Amino acid sequence: MQTASTNIGERMCRSQELSDSKRGPVIGGHLGNKSIRDISLLLNIPRSTVSGIITKWKQLGTTATQPPSSRPRHMTGRGQRMLKRTVRRSRQLSAESIAKDLQTWCGLQMSPTTVRRELHGMGFHGRAAASKPSITKCNAKRWMPWCKARRHWTL
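These remarks concern the structure in this document. Since the structure is predicted, the reported quantities are computational estimates derived from the model, not experimental observations. (Residues numbered from 1 in each chain as written. Predicted model: local features only at pLDDT ≥ 70, side-chain atom pairs only at ≥ 80, totals over all residues. Heavy atoms only, no water.)

1. Things to note about the nonpolar core
Membership of the largest hydrophobic core is limited to twelve residues, which are Met75, Leu83, Val87, Ala95, Ile98, Ala99, Leu102, Leu108, Met110, Val115, Leu119 and Phe124. Those elements that place two or more of their residues in this core are helix 5 (77–89), helix 6 (95–106) and helix 7 (112–122). Excluding residues within four positions of it along the chain, leucine 108 makes contact with Met75, Gly79, Ala99, Leu102 and Gln103. Judged by nonpolar contacts, the second largest core, of seven residues, contains Val26, Ile27, Ile39 and Ile54. (Core = buried A, V, L, I, M, F, W, Y, C linked by side-chain atoms within 4.5 Å. Buried < 20%, exposed > 50% of the residue type's maximum accessible area, 1.4 Å probe, protein only. Helix = DSSP H or I, 4+ residues; strand = E, 2+ residues; numbered from the N terminus. Contact = heavy atoms within 4.5 Å.)

2. Overview of the side chain of threonine 63
Among the structural elements, threonine 63 can be located in the loop between helix 4 (47–60) and helix 5. Apart from residues lying up to four places away in sequence, threonine 63 is in contact with Arg23, Ile27, Ile53, Lys56 and Trp57.

3. Some words on the packing of aromatic side chains
The tally for this structure, following the rule as stated, stands at one aromatic pair. Where tryptophan 143 meets tryptophan 146, the ring centres are 5.3 Å apart and the plane angle is 85 degrees; that geometry is what we call edge-to-face. Of the two residues, tryptophan 143 and tryptophan 146 are both situated in helix 8 (residues 137–151); the distance of three residues between them amounts to about one turn of the helix. Residue class for tryptophan 143 comes out partly exposed when judged on its relative accessible area of 47%. A relative accessible area of 42% means that tryptophan 146 is categorised as partly exposed. (Phe/Tyr/Trp six-rings, centres within 6.5 Å; stacked < 30°, edge-to-face > 60°.)

By themselves, these figures tell us nothing about what the structure is for.
Given below as structure tokens:
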């Protein structure tokens, strides 16, 4: 007997796409005037899957897998790792120079806008560093009494 956590984990995972040999009987059962629930119980397939197959067949006239509607990503995982490595080496490079470097090193031709978008997605943003006062001996002497007095403050 399975534990509840294992059973929930199995239900939450996405399964593989159904093969054509399993989609055919779903449509056959639908044409034979069987209900979605009956088809689901007979073939041991979730009702939502059976409903989706039938809806797809009614709309498109086929149950074959359709090509994806979105455009494929230009930057692969390898290119992203290369981009991250380049930026970590030198944080001062512009998007234009990074795009040129990626083109010469790994043959990826992309615009600076794409480079910026990928960097934003990775968490890199172009920001100026915080200005910090230079501490000279004179400044240190002025700051010491203030720091010692602040140490004794309570909130």
